[in-house]
Amino acid sequence: QVQLVESGGGLVQAGGSLRLSCAASRRTFSSYAMGWFRQAPGKERDFGAAITWRGGSITYSDSVKGRFTSSRDNAKNMMYLQMNSLKTEDTAVYYCASGPRLRIGADEYDSWGQGTQVTVSS
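Position labels on residues start from 1 in each chain and follow its written sequence. In keeping with the model being predicted, local features are shown solely for residues with a pLDDT of at least 70 and side-chain atom pairs are shown and tallied solely at 80 or more, while totals for entire chains, interfaces and linings include all residues. In computing side-chain values, all of the structure's heavy atoms are included and hydrogens and water are not.

1. Thoughts on the pattern of salt bridges
Phase 1: By salt bridge we mean one thing: a side-chain nitrogen of Lys or Arg within 4 Å of a carboxyl oxygen of Asp or Glu. Considering all chains together, one arrives at three salt bridges under this definition.
Phase 2: Notably, a salt bridge pairs D62 with K65, separated by 3.4 Å at the nearest N-O pair. K65 matches D62 in its accessibility class, with the two residues each being exposed.
Phase 3: With a closest N to O distance of 2.7 Å, D90 and R67 form a salt bridge. Here D90 is found in the loop between β8 (78-83) and β9 (92-99), whereas its partner R67 is found in the loop between β6 (58-60) and β7 (68-73), with 23 residues between them in sequence.
Phase 4: Between buried and exposed lies partly exposed: a residue is buried under 20% and exposed over 50% of the maximum accessible area for its type, with that area taken using a 1.4 Å probe on protein chains only. Residue class for D90 comes out buried when judged on its relative accessible area of 1%.
Phase 5: When salt bridges with common partners are traced through the structure, they connect R38, R67 and D90 into a single cluster. Secondary structure counts use DSSP, requiring at least four H or I residues in a row for a helix and at least two E residues in a row for a strand, with both numbered from the N terminus.

See the structure below:
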């Protein structure tokens, strides 16, 4: 029910920064939380961060904690992921997702964006 579009990916050097954006077409009853996941070639889709629309509650994976910051703009239906101190290990396709709960499992989310490529060079 929710259309999501990611943007902001690209090629950066290790130690650099990127800000990803996720635009939601609308907020629905089930869109309580927004999450960021990433998937590198040959690997599972891993959780990165998530935030709730209403209260701004946030959770991060250990791999991004302290480097990435999730935020949202309710008036614009936008969610952001500020990525600092990027490492080559962060290279992946990043997806935003919408779901009814603040969870870390991909199966907890019911709407997904198309993904945006983030490549971190050494």
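Back to the write-up after that little detour.
2. Observations concerning empty space enclosed by the protein
Phase 1: Think of a 1 Å grid over the protein atoms and nothing else: a 1.4 Å probe that fits but is trapped marks a cavity, an open set flanked by protein within 12 Å on at least five of seven lines marks a pocket, and residues with an atom within 4 Å of a point count as lining. Grid points are joined across faces, edges and corners, and a volume is the space filled by probe spheres set on the points. Here the structure, examined in full by the defined rule, presents one cavity of 30 Å³ or more.
Phase 2: By volume, the largest cavity amounts to about 30 Å³.
Phase 3: Every residue along the wall of the largest cavity is listed here: W36, F37, R38, G48, A49, V64, F68, L81 and Y94.
Phase 4: When residues of the lining of the largest cavity are traced back to their parent elements, those giving at least two are β4 (33-39) and β5 (46-52).
Phase 5: Looking at the lining of the largest cavity element by element, the count peaks at three residues for β4.
Phase 6: Residues were grouped as follows: Ala, Val, Leu, Ile, Met, Phe, Trp, Tyr, Cys and Pro as nonpolar; Asp, Glu, Lys and Arg as charged; and all remaining residues, including Gly, as polar. Of the residues contributing to the lining of the largest cavity, the split by class is seven nonpolar, one polar and one charged.

3. Structural notes on the pairing of strand β1 (residues 4-7)
Phase 1: Only one face of β1 is covered, namely the one carrying L4 and E6; the face carrying V5 and S7 has none of its residues buried.
Phase 2: DSSP calls a pair of strands paired once it identifies at least 2 bridges connecting them. Here β1 runs beside strand β3 (residues 18-24); their pairing, made up of four bridges, is antiparallel. Opposite V5, over in β3, you have A23 as the bridge partner.

So, to be careful, I would describe these as geometric facts and stop short of saying anything about function.
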